[in-house]
Structures are given as structure tokens and as C-alpha cells.
Amino acid sequence: MFLKESTRFKDGKEHHYWSLVDNRRVDGGRKVVQRHVLYLGEINSSQQAAWRKTIEVFETGSPQPQTVALFPQDRAPHVQDERIVRIRLDELELRRPRQWGACWLASLLYQKLELDVFWGQHLESSRKGTRWDQVLQTLVSYRLIAPGSEWRLHREWFDKSAMADLLGADYRLAVDDTLYRCLDKLLEHKAALFSHLQQRWKDLFGACFDVLLYDLTSTYFESEPPFAEGDKRRFGYSRDKRFDCVQVVIALVVTPEGFPLGYEVLAGNTLDKQTLAGALAAIEKQYGKARRVWVMDRGIPTEETLTQMRQSDPAVSYLVGTPKGRLSKLEAALAQRPWHEVREGITVKLLPQEGECYVFAQSAARIDKERAMRRRQLKQLWKRLPELRQMKTLDRDGLLMKLGAARQQWPTAWRLVALRVPKKEEPINEQTFIWRLRKKKLRQLRRREGRYLLRTNLTEEDPAKLWQYYIQLTQVEEAFKNLKGDLALRPLYHQKEERIEAHIFIAFLAYCLHVTLHRWVRDLAPGLTPRSVLEKFAAVQMIDVHLPTTDGRHVILPRYTQPEKELQVLLHQLKLTLPEQPPPRITALGKLAN
């Protein structure tokens, strides 16, 4: 990497521009091309008596900028003026490389949702001047860009990011005690935040909230029980397959586009069917009574809750999946009903019953997908069983262990196979270890592949729309996937229950930025995921260019690197323009800026 001067004649005058470039060999090393890294701008030449290029710099310790002119040491005019700064270009240094692009994009999303305004009104600065709203913005940006613990943010990430530059702050934002204390101030504003976000998504994307998708997940902790009575960390059914850890249950309500309307943190041993009544009451209290359609999977609503939803004023509409046992009871009645094609590849049967309607839907695409999955599993299991029988050193206990692993790996196929395993002291051979295909079970499974029995009180609704509502439940699953994967919600190491909930709250805020970016990209740059966009922006670094002066000072130019062509195209697609480069700074005599 080296300093390159470019000369250009403009308006009858000669201008000198300086850039940092590096050489790259191409064409098998036979050619060299130059990549533009940093543009430093124009530096004056002594060939002109007048100053053509002046800049405003902030001197260390001074709140007001001063105007100076930069000249190379060997070209400076022989005039004594404190506003002339002579720099030693041969001693140029690059310091403090830090990630700028993704931090800038996160700040832009934060401002797009007006979260900076919201939290500026709800989080007052401390008596010592701590800006809690900026601390929160740092925590949320960190969770979106490179999620990890607060300790890692304090020890490593903040110094490698440009959050201080973007917020006009310093390292005080990332002091470990400050980060933890900020978590204690958030939960009381949860309800106000939900209302604020709903309005912002309406304004930005015209979001509708008349169809709500509801589902639950769990997240585990690296904490040792027992806990105090009333603590939400409890053992329960773990969707993460971590039955050895305590957990909490998270109930989430989102729209079909993925915009979250609210969430609740419940005790880890809460049953799914115990959560819906509380969610209905919370949404009604937060947003008032209105005609809404609740879409849920089977196992969440109880008969009592569904009756209350039908009898409420106004009635609460619902569309829910039904347990397989109910399909067995209604199979004979459904067999007598005709199929209706609601759109290409999707047919339904309608079965009205006492103010409700059962919708038996089948999708040709889903039939093909589920059938292929079942065949693949059955083929692999059928291949594995003879291999186990032929293992000469395998005893009965070892066989049972390997069968357990096979059951976990191919659960659908396992239900279609009847096994006879050796008794104690029996050898493993063709007489003691045998299996057969359960053909009756297979025929029943074939009849149900790609078919779903739905239950609703929307008796006048178009069946095609009902099917579309139910398929959109994948948006909730996608939200949980992003929370646990992209935003690294789990595991949690906090020991205080309030900070556990605040940690989930930070992840929720980061998900709000994530889903906003997803919606934005879907319209303007389809095909990209939020994570891939963040990674492209993360390639833009900020570097401090130090230019020593002849009088012992340093001119410091904070500069973000020039985006690559791919990112330039993305910026154009998203209709974004990068901001102006930050203002230069100049150190006081004999002192270096921090």
C-alpha cells in the first residue's frame, strides 16, 4: 500500500489529489492493477499563491473548528501563517482499523424505526452524563452484527467497531458495569415500545395487523438450579433438545410479513395450552378490541379457549391445526365430501360443524415433498438394520444403543417398522433380530402425507385464503430461527432473572432491525438475506490517517474505505448514499489525540 498523487487541470488551475492504493497482480502475475483504498482529497501546492483547498479541523481540547490549509512539506509557500499546516507525507501512518459499514447500516435501521428518538425520550442520561440511549443502541447493534456476550463487547468488539465514531461518543459506552446497568432500565418501557414499532411499520411498509401468527419456543441457560420460588427458569419440554438445562418459554406474536407485535417470557415448565388466554388478553389490552384472525398450530388452543374466542364481543377469529386424533374421528365424514380445487395444486374438503368449519386441505407439492422425505428415511433405515445384525462384536446392549440412534435419525421411518430384538442372553442372528414393514401404518401415512386438517370459525372465508394463512406460520418459525441462530439468543449466562428478560429484550430489538432490513431488501434487492447484506457492508473499514506536521503535531483524518463494486451496486439498489467523511482533527502541540 502506498500514497499516490493525481494531478488534474481544472478551471485553468492545477489540482493535486492524494489517495492510498495497493497493487494487485492479475493475469497470472503478468500485470499489475491498482485498487483504490482511501481517498484523502486535495492538498495544496506552492505553485499557487492563493489557498484553493482549506479544511476545518478540530484541535485537541477545542470545541470550535478552525480553518487551515494543508501543504506538503516540500511545496509549502514561504509565508508565516498559523493557518498554514505543513505535513510530512513521507511519514504518513494508518492506525486503528475498525469495522464501519455494518455499524453504519445498523444505525441507519435504528433511525429508520426512530428508535433513537423513542429511547432518547424514555432513557434519561445519568447525573454523570452517561447516555443510556446510546449504550442501548450499541448493545442492539452488537447483537445484530456480531452477537455475543456483554463481556466480549466490552473487551473486544467495541474497540474494533466504529460505533464511537458514529455516535460521537467514546469508550465510556462499553464499560462493563455500564452495559449491565443499562439492562436494568429497559423492561418498564416494553409496552410503549410495542405500540411505537407497530406505528413505524405501518408508516414505512403499510403493514397490516389483522392476521396474527402465534407460536412458542424455549431457550436454555447455563445456570445451576435450584432457584427461588417464582423464578421463571425451570425444567420443561425443550425445543432445543437440552433437557439437562433449565429454560424459559417465549411466546411470540408476528404478522404474516414477520413483523413482531409483541412477546412474553413465561416459566420454563409452562404448557403450550396454558399460554393462549394470556396472549389474547395482552394483545387486547395493548391494542384494543378489533377483528383479528389468530393462526396457531395444534396443541396451543384448548376447547375452553376456543369457546371463549367464539363468544367474545367482537368474536375473535381463529384458524388452528388439529391433532391427528381428531382427523381419525372425522375421516369417515370427510371421505363423503367432494374435493374443491382452490388454486393450482391445492384442493380442499369443507366440513361445517356447529359454528365452525373443518378444512381438510392437500397440496400436491407438499405430498411430493413429504413422500420423498419418508422414502429417503425408510430406505436408509432398511439399509442400516442388516448392517447391525452382521456386526460380530455387537452385544444386545450395544444393539439397543444403535437402534436408539437410528430411531432419532429416522423418526418417520421408525414408526413404519416393527422390530423383534433379542432377549437377554440371546445371540444376535436372523432368528432373534428380525423386522417387518407395517403396511397398514404405511397406507394410513400415505393417505395423510401433504394433507392438513384445519379448524376455523371463519365459515364464510375463501378456503384458498385459509390455506395461505396457515402456511404463513412458517414466518414465526423463521423468527425463532433468526433469534436463535443469526442473533445468538442462546445460551444465556445471566444469573439475575431481570437481566435474563432484558437480554431477550435486546435480542427482540435486534430482530426488529433484522426484519426491517429483510423487508427493505425484499423490495429493492431480492435474493439477498439480511446477514449477507450485513457481511457486504462489514467490508467497509474506518482507518485513522495520521499526517505528521513539521511543527510536531498530527493531522488525523478518519476515513472509511471505498466500497467495492459489488457493494456500490447494492447501495444503488437500496437507494443509499454513504455520508460525508468525518471531519479531520489536529493534535495540540506535543500531544497526540486519543
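Residues numbered from 1 in each chain as written. Predicted model: local features only at pLDDT ≥ 70, side-chain atom pairs only at ≥ 80, totals over all residues. Heavy atoms only, no water.

Structural notes on the environment of Ala539
For step 1, the next point in the chain: Along the chain, Ala539 turns up in the loop between helix 18 (530–538) and strand 19 (541–548).
For step 2, the next point in the chain: Given the relative accessible area of 53%, Ala539 is considered exposed. (Helix = DSSP H or I, 4+ residues; strand = E, 2+ residues; numbered from the N terminus. Buried < 20%, exposed > 50% of the residue type's maximum accessible area, 1.4 Å probe, protein only.)

Quick look at the pairing of strand 15 (residues 356–363)
For step 1, the next point in the chain: For strand 15, a buried count of 8 out of 8 residues is recorded, marking the element as mostly surrounded by other parts of the structure.
For step 2, the next point in the chain: Neither face of strand 15 is exposed, since Glu356, Tyr358, Phe360 and Gln362 on one face and Cys357, Val359, Ala361 and Ser363 on the opposite face are all buried.
For step 3, the next point in the chain: In this sheet, strand 15 lies alongside strand 14 (residues 346–353) in antiparallel orientation, the contact comprising 8 bridges. Residue pairing in the sheet places Val348 in a bridge with Ala361 of strand 15.
For step 4, the next point in the chain: Hairpin connection of strand 14 to strand 15: 2 residues between the antiparallel strands, including Glu354 at a positive phi of 50 degrees.
For step 5, the next point in the chain: Pairing between strand 15 and strand 18 (residues 451–456): 6 bridges, direction antiparallel. Directly across from Cys357, in strand 18, lies its bridge partner Thr456. (Pairing = 2+ DSSP bridges.)

Here's the deal with the pairing of strand 11 (residues 293–296)
It is a general feature of regular strands that their side chains alternate between the two faces of the sheet.
For step 1, the next point in the chain: Of the two faces of strand 11, both are covered, the one formed by Val293 and Val295 as well as the one formed by Trp294 and Met296.
For step 2, the next point in the chain: Of the pairings in the sheet, the one linking strand 11 to strand 12 (residues 317–321) comprises 4 bridges and is parallel in character. In the strand pairing of strand 12, Trp294 is matched with Tyr318.
For step 3, the next point in the chain: Chirality of the crossover, the property in question, places the unit of strand 11, helix 9 (residues 303–311) and strand 12 among those that are right-handed. (Right-handed = clockwise from strand over helix to strand, strands pointing away.)

Quick word on the sheet that holds strand 9 (residues 247–254)
For step 1, the next point in the chain: Strand order in this open sheet of 9 strands is 10-9-8-11-12-18-15-14-13, and the pairing throughout is mixed. Each end of this open sheet is capped by a strand with a single partner; those strands are strand 10 (260–267) and strand 13 (340–343). Sheet twist, expressed as the average angle between the axes of neighbouring strands with direction ignored, equals 25 degrees.
For step 2, the next point in the chain: Contacts from helix 8 (residues 276–287) reach strand 8 (211–220), strand 9, strand 10 and strand 11, with the element oriented near 150 degrees to strand 11. (Axes fitted to C-alpha atoms, helices over the stretch in contact; angles between N-to-C directions. Contact = heavy atoms within 4.5 Å.)

Some thoughts on unusual backbone geometry
Among all residues except glycine, the phi angle is most often negative; among peptide bonds, the trans geometry is most common.
For step 1, the next point in the chain: In this model, Glu354 sits at a positive phi of 50 degrees, which is unusual for a non-glycine residue.
For step 2, the next point in the chain: Positionally, Glu354 belongs in the loop between strand 14 and strand 15.
For step 3, the next point in the chain: Backbone geometry places Lys575, a non-glycine residue, at a positive phi of 60 degrees.
For step 4, the next point in the chain: Among the secondary structure elements, Lys575 is positioned in the loop between helix 19 (565–573) and strand 21 (585–586).

A closer look at the pattern of salt bridges
For step 1, the next point in the chain: Under the counting rule described, the total for this entry stands at 34 salt bridges.
For step 2, the next point in the chain: The salt bridge partner of Arg172 is Asp170, with a shortest N-O separation of 3.1 Å.
For step 3, the next point in the chain: According to the relative accessible area criterion, Arg172 is exposed, its value standing at 57%.
For step 4, the next point in the chain: One salt bridge in this structure joins Arg522 and Glu257, with 3.6 Å as the shortest N-O distance. Taken together, the residues Arg522 in helix 17 (residues 497–524) and Glu257 in the loop between strand 9 and strand 10 connect sequence positions 265 residues apart.
For step 5, the next point in the chain: The class for Arg522 is partly exposed, based on a relative accessible area of 42%.
For step 6, the next point in the chain: You can call Glu257 partly exposed: its relative accessible area is 28%.
For step 7, the next point in the chain: A network of salt bridges, in which partner residues are shared, links Glu303, Arg310, Arg326, Glu356 and Arg455. (Salt bridge = Lys/Arg side-chain N within 4 Å of Asp/Glu carboxyl O.)

Topic: helix 16 (residues 474–486)
For step 1, the next point in the chain: With 13 residues, helix 16 ought to run about 18 Å at 1.5 Å a step, and its terminal C-alpha atoms sit 17 Å apart, in line with that.
For step 2, the next point in the chain: Where helix 16 is concerned, the buried positions are Val476, Ala479, Phe480, Asn482, Leu483 and Lys484.
For step 3, the next point in the chain: Looking at the buried side of helix 16, the elements it contacts are strand 8, strand 9 and helix 17.
For step 4, the next point in the chain: Trailing helix 16 by a residue or two, Ala488 shows a phi angle of about 50 degrees, which is positive. (Expected span 1.5 Å × (residues − 1).)

Points about the packing of helix 7 (residues 190–205) against helix 17
For step 1, the next point in the chain: Running from N to C, helix 7 and helix 17 cross one another at 5 degrees; their axes reach a closest spacing of 12 Å. With respect to helix 17, the element helix 7 is oriented roughly parallel. Facing helix 7, whose interface residues are Lys190, Leu193, Phe194, Leu197, Trp201 and Phe205, helix 17 presents Phe505, Phe508, Leu509, Cys512, Val515, Thr516, Arg519 and Trp520.
For step 2, the next point in the chain: For the contact of helix 7 with helix 17, the class distribution of residues is 11 nonpolar, 1 polar and 2 charged. (Parallel < 35°, antiparallel > 145°, perpendicular 65-115°, else oblique. Nonpolar A, V, L, I, M, F, W, Y, C, P; charged D, E, K, R; others polar.)

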